[in-house]
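# Structure at a glance
The primary structure of each chain is shown beneath.
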Amino acid sequence: MLLLKLYIVFLKIGFTSFGGMSMIPVINSEMVKHGFMTSSEVTDIVAIAEMTPGSLGINCATFAGMRVAGIPGEIFATLGVLTPTFTLCVLAAIFFKKMKNNRYMGHAMYAIRPATIGLILSAVFVLGRSAYFPHASFAPTSLLIGLISLYLLMRHKLSIPKVIGCAALLGLLIC
């Protein structure tokens, strides 16, 4: 019964919050309301979840589930918080599969391309500006690492994790 309750609580959290920091008040409210944890314990869980790689919501669900009911608790809590995302992805896949030959959907997808390219270029500009011109001064070492990374990706077809590792190593050696 406890595992089902954990699943339902985190299912509710997954459906009613929008990820990231917006989940914290909902997690706190639900954990305290159901007597799973005190507000102080939730604060500790959130602090640990923030320091751990991965999604805040998944980390909080995993740590809270572990605290409440051990390994089975972490599994049920994590599945609960993931169910909304999984459900929406499945529904979107079904919708796109059914609409793939629809003329209007084709036009809509074609129209979305320029906006998508604009968003990607915006991200490149914002991230590039902060990486290559920190504090309004030019950072040639960052540009060198960026160009070497681009070369490794394009010319040698290295995987992205390998390029990230190489960039990190170069950053440690050069800086």
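This text follows the structure it describes.
Now for a description of the structure that goes with this document.

## Some details on the layout of surface pockets
Space left empty within the atom packing is revealed by a probe, the size of a water molecule, rolled over the atoms. Size it by volume and the largest pocket reaches roughly 210 Å³. Lining the largest pocket are 15 residues; nearest its centre among them are G14, G19, M23, V81 and T85. Those elements giving two or more residues to the lining of the largest pocket turn out to be α1 (2-16) and α4 (56-99). At seven residues, the largest contribution of residues to the lining of the largest pocket is made by α4. In this structure, the second largest pocket occupies an estimated 150 Å³ of space. Around the second largest pocket, the lining residues are Y132, S142, I145, G146, S149, L153, I160, V163, I164 and A167. When contributions to the lining of the second largest pocket are tallied by element, the ones reaching two or more residues are α6 (140-154) and α7 (160-174).

## Looking at unusual backbone geometry
With phi around 55°, K157 is a residue other than glycine that occupies positive phi space. Structurally, K157 is set in the loop between α6 and α7.

## As for a nonpolar patch on the surface
On the surface, a cluster of nonpolar side chains totalling about 870 Å² of accessible area is made up of F133, F138, L143, L147, L150, L153, M154, I160 and I164. Listed by contribution, the elements that provide at least two residues to the nonpolar patch are α6 and α7. Relative to the helices and strands, M154 resides in helix α6.

## Considering the pattern of salt bridges
Overall, the coordinates contain three salt bridges when judged by the stated rule. Salt-bridge contacts for E41 lead to R67; the nearest nitrogen and oxygen are separated by 2.2 Å. One end of the pair, E41, is in helix α3 (residues 39-51); the other, R67, is in helix α4, and 26 residues separate them in sequence. A relative accessible area of 24% means that E41 is categorised as partly exposed. Shared partners join several salt bridges into a network, and the residues in it are K12, E30 and K33.

## Structural notes on the packing of aromatic side chains
Inspection of the entire model under this criterion finds two aromatic pairs. With a centroid separation of 5.5 Å and an interplanar angle of 50°, the aromatic rings of F133 and F138 are classed as tilted. Judged by relative accessible area, F138 falls into the partly exposed class, the value being 43%.

Thresholds, definitions, all that
Residues numbered from 1 in each chain as written. Predicted model: local features only at pLDDT ≥ 70, side-chain atom pairs only at ≥ 80, totals over all residues. Heavy atoms only, no water. 1 Å grid on protein atoms, 1.4 Å probe; cavity = no way out; pocket = protein on both sides within 12 Å on 5 of 7 lines; lining within 4 Å. Points joined across faces, edges and corners; volume = space filled by probe spheres on them. Helix = DSSP H or I, 4+ residues; strand = E, 2+ residues; numbered from the N terminus. Patch = residues over 30% accessible without salt bridge, like charges linked within 9 Å, V, L, I, M, F, W, Y side chains within 5 Å. Areas by Shrake-Rupley, 256 points an atom, 1.4 Å probe, with all protein chains shown as cover. Salt bridge = Lys/Arg side-chain N within 4 Å of Asp/Glu carboxyl O. Buried < 20%, exposed > 50% of the residue type's maximum accessible area, 1.4 Å probe, protein only. Phe/Tyr/Trp six-rings, centres within 6.5 Å; stacked < 30°, edge-to-face > 60°.

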